[in-house]
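What follows is each chain in one-letter form.
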Amino acid sequence: MSKLNEVKEMVQKGRTKKIAGVVQEALDAGADAQEILDAMVDTMGDVGDAFSRDEIFVPEMLIAAKAMKLGLEVIEPQLASGAGEKLGKCIIGTVEGDLHDIGKNLVAMMIKSSGFDVIDMGVDVPVDTFIEKIKENPDVKVVAFSGLLTTTMPALKASVEAAKNCDVGNFKVLVGGAPVTEEYADEIGADGYAQDAGSAVTVAKELIASL
Ligand code: B1M
């Protein structure tokens, strides 16, 4: 089995003790960090599909997520290669009611490595907590909301509305997450939408250029 397939198997089966070693072996065998990331993201898609078909349940999804997080730690130095420029503060979090954080963490990691000073609020963040953090950091340049559930899309909308209506500072609002589309982002008044972590960096930089 190829090393990348082994990585996929480690995520799929939630092998939390072994995954770091296998990811390191894949790197040593010449796979690049982006390929390994893509393999893990693909596998999480498969895990979600298996959950939708009732073939696996929440505990299996959770252990797969834990394995992916441990695998990500190994490739983080390569993915987040660092940047010389200082782009300002970015507040990021997953909206209220939503516990998914792998995508948000990836976005935070990439945005940080591009030169932003990232304040990561974690998951299940109430609107008021976001607003308090914005008030504590009036020099924030980008406020980024992640949402992974269709049921938390209203919380995404409420978070965007509250951020846009709070009379503090001068910042742009970025949104993303699996159920979010460009159209929805426009509809709820976000300044920018990104489909994945790589494009989140591009969009965040475009947004601050327009401040
Ligand atoms: Co959940 N879950 N989950 N889950 N889970 C999904 C999202 C789901 C699609 C699975 C499915 O049914 N096929 C489904 C949502 C369906 C829907 O809303 N229509 C679902 C469900 C139903 C649930 C529960 C309700 C299950 C239950 O309890 N019955 C429950 C909800 C809990 C809650 O949040 N309140 C639940 C729980 C969980 C776990 C806790 C077990 C675990 C999360 C653990 C964790 O994150 N620490 C989990 C997991 C792992 C998944 C799947 C399998 C994988 C998510 C993931 O990490 N993907 C997921 C299925 C899937 O995604 N296909 C699923 C990898 C990650 C890299 O991708 O997060 O999409 P993603 O991030 C991407 C982009 O979306 C984007 O960039 C990233 C890639 O570069 N992005 C942004 C994300 N945020 C961004 C922000 C940006 C820009 C881009 O700017 C700010």
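### Focus on the domain arrangement of the chain
When the parts come together, some accessible area is lost, and that loss is often what is quoted as the size of the interface.
In step 1: Its domain assignment divides the chain into domain 1 (3-83) and domain 2 (88-209).
In step 2: Inter-centroid distance (C-alpha atoms) of domain 1 to domain 2 is 25 Å.
In step 3: With twelve residues of domain 1 at the contact, the number on the domain 2 side is nine residues.
In step 4: Both sides together, the interface formed by domain 1 and domain 2 hides about 820 Å², and carbon and sulfur atoms give 78% of it.
In step 5: Run the count over domain 1 and domain 2 and you get one salt bridge.
In step 6: In this assembly, domain 1 and domain 2 are joined by one residue pair in polar contact (both at pLDDT 80 or more).
In step 7: Elements with a minimum of two residues in the side of domain 1 that touches domain 2: α3 (33-52) and α4 (58-79).
In step 8: For the side of domain 1 that touches domain 2, the leading source of residues is α4, giving six residues.
In step 9: A per-class count over the side of domain 1 that touches domain 2 returns eight nonpolar, two polar and two charged.

### Brief notes about the packing of aromatic side chains
The description of an aromatic ring pair rests on the distance of the ring centres and on the angle between the ring planes.
In step 1: The final tally for this structure, using the stated rule, is one aromatic pair.
In step 2: Here Phe130 and Phe145 contribute two aromatic rings whose centre-to-centre distance is 4.6 Å and whose plane-to-plane angle is 85°, an arrangement assigned as edge-to-face. Remark: Phe145 occurs in strand β3 (residues 140-146) and Phe130 occurs in helix α6 (residues 127-136); sequence separation between them is 15 residues. Taken as a pair, Phe130 and Phe145 share a single burial class, namely buried.

Quick notes on the rules
- Residues numbered from 1 in each chain as written.
- Predicted model: local features only at pLDDT ≥ 70, side-chain atom pairs only at ≥ 80, totals over all residues.
- Heavy atoms only, no water.
- Domains from an automatic or database assignment.
- Contact = heavy atoms within 4.5 Å.
- Buried area = accessible area lost by both parts, 1.4 Å probe.
- Salt bridge = Lys/Arg side-chain N within 4 Å of Asp/Glu carboxyl O.
- Polar contact = N/O pair within 3.5 Å; in protein donor to acceptor, adjacent residues only side chain to side chain.
- Helix = DSSP H or I, 4+ residues; strand = E, 2+ residues; numbered from the N terminus.
- Nonpolar A, V, L, I, M, F, W, Y, C, P; charged D, E, K, R; others polar.
- Phe/Tyr/Trp six-rings, centres within 6.5 Å; stacked < 30°, edge-to-face > 60°.
- Buried < 20%, exposed > 50% of the residue type's maximum accessible area, 1.4 Å probe, protein only.

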